[in-house]
Amino acid sequence: MTVTDTVTDTAVLPVVDPTAAPATLEARAVSAWFGTHQVLGQVSLTMPAGQVSALIGPSGCGKSTFLRTLNRMHELIPSAAFGGEVLFEGEDIYDASWRLTDARRRIGMVFQKPNPFPAMSIYDNVVAGLRLTGTRVNRREKDELVEESLTRAGLWKEVRDRLRQPGGALSGGQQQRLCIARALAVRPRVLLMDEPCSALDPTSTRRVEETIHELAGQVTVVIVTHNMQQAARVSQQCAFFLAEQGTPGGIVEAGATDDVFGSPQDQRTADYVAGRFG
């Protein structure tokens, strides 16, 4: 069965509540392994509702692994193991009462490399998330949702006259914003972003950052970035990850972005944000 076969235009079920507020996400003592290799050790962090939280640190310190634990993407990797809790508004998403589709719908993900379905139209790319999560809407609701999601992703004005053209024909920056629109179409309350600008040119990076600013307050955003300036520009909270001398990755310091960059409490944080290593 293909993605486009899973939902009919006549089936009508309510979409996730559009008025749903951003959610607080809290990691408690999160640890992660690949086989016997532990990559995260006892990481705890609260990501406040409606704010942008940036995860910074050198390569190999566990930032992306931590991000993947926040919507159970980590468990898709062979030999991966997990310990701890991830609380969505106080409920542990790893509890047996949580279905995997519920976690993915409420906690969306945008990856490092834009990954639209290249042969699928812009329109169908946006609604693909609905089909994959089993959310059914009629044609009118679908049309409204496509416009809403593309508008929230800052792409509607650029593509509204070519919605039936392939998503793969868009520029790299537009493809990434299309992926953001696809994630937003299921109306998640948290959006995870793993280096969303690393493959983009400066102009496209600026537009994606503008999109993140526009989303602030509408959805909780957690972003991994190696770009210190980007973290300072887009986030209200920042967490500095580090793995030293073969130890699992962990958080050295976390707090308000202005404090982490302007008056860090740990010398390792000060050295990293000043560009002395990493």
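Read on for an overview of the structure.

Scoring rules and cut-offs
- Residues numbered from 1 in each chain as written.
- Predicted model: local features only at pLDDT ≥ 70, side-chain atom pairs only at ≥ 80, totals over all residues.
- Heavy atoms only, no water.
- Salt bridge = Lys/Arg side-chain N within 4 Å of Asp/Glu carboxyl O.
- Buried < 20%, exposed > 50% of the residue type's maximum accessible area, 1.4 Å probe, protein only.
- Helix = DSSP H or I, 4+ residues; strand = E, 2+ residues; numbered from the N terminus.
- Core = buried A, V, L, I, M, F, W, Y, C linked by side-chain atoms within 4.5 Å.
- Contact = heavy atoms within 4.5 Å.
- Pairing = 2+ DSSP bridges.
- Axes fitted to C-alpha atoms, helices over the stretch in contact; angles between N-to-C directions.
- Parallel < 35°, antiparallel > 145°, perpendicular 65-115°, else oblique.
- Left-handed = near helix turned anticlockwise from the far one by under 90°.
- Nonpolar A, V, L, I, M, F, W, Y, C, P; charged D, E, K, R; others polar.

## Quick notes on the pattern of salt bridges
Here is step 1 of the chain: Following the criterion strictly, the structure yields 16 salt bridges and no others.
Here is step 2 of the chain: Note that Arg99 and Asp102 form a salt bridge whose closest N and O atoms lie 3.3 Å from each other.
Here is step 3 of the chain: Taking the relative accessible area as the measure of exposure, Asp102 reaches 11% and is therefore buried.
Here is step 4 of the chain: Between Asp102 and Arg105 there is a salt bridge; the shortest N-O distance is 3.3 Å. Taken together, the positions of Asp102 and Arg105, both in helix H2 (residues 100–106) and three residues apart, correspond to about one turn of that helix.
Here is step 5 of the chain: Here Arg105 falls in the buried class, since its relative accessible area comes to 16%.
Here is step 6 of the chain: Via salt bridges that share partners, Arg206, Arg207, Glu210 and Glu214 belong to a single interconnected network.

## Structural notes on the nonpolar core
Here is step 1 of the chain: Ranked by internal contacts, the top residues of the largest apolar core, which has 45 residues, are Ile56, Leu150, Ile180, Leu191 and Met193.
Here is step 2 of the chain: Ile56 has contacts with Lys63, Thr225, Met228, Ala231, Cys238, Ala239, Phe240, Phe241, Phe261, Tyr272 and Val273, leaving out every residue within four places of it along the chain.

## A few points about the environment of Leu191
Here is step 1 of the chain: Turning to its location among the elements, Leu191 is positioned in strand S7 (residues 190–194).
Here is step 2 of the chain: We classify Leu191 as buried; its relative accessible area is 0%.
Here is step 3 of the chain: Separated by 116 residues in sequence, Leu191 and Glu75 place their C-alpha atoms 18 Å apart.
Here is step 4 of the chain: Setting aside residues up to four positions removed in sequence, Leu191 forms contacts with Gly108, Met109, Val110, Ile180, Ala183, Leu184, Leu215, Val219, Thr220, Val221 and Val222.

## Some details on the sheet that holds strand S1 (residues 25–34)
Here is step 1 of the chain: An order of S2-S1-S4-S5 is seen for the four strands of this open sheet, with the pairing classed as antiparallel. Bordering the open sheet on either side are strand S2 (37–47) and strand S5 (91–92), each of which pairs with just one other strand.

## So, the packing of helix H6 (residues 172–184) against helix H7 (residues 202–215)
Here is step 1 of the chain: Relative to each other, H6 and H7 sit at 20°, their axes nearing to 9 Å. Taken together, the axis directions place H6 and H7 in an arrangement best described as roughly parallel. Our pair here, H6 against H7, has a crossing hand that is right-handed. Contacts between H6 and H7 involve Gly173, Gln176, Arg177, Ile180 and Leu184 from the former and Ser204, Arg207, Val208, Thr211 and Leu215 from the latter.
Here is step 2 of the chain: In terms of residue class, the contact of H6 with H7 is made up of four nonpolar, four polar and two charged.

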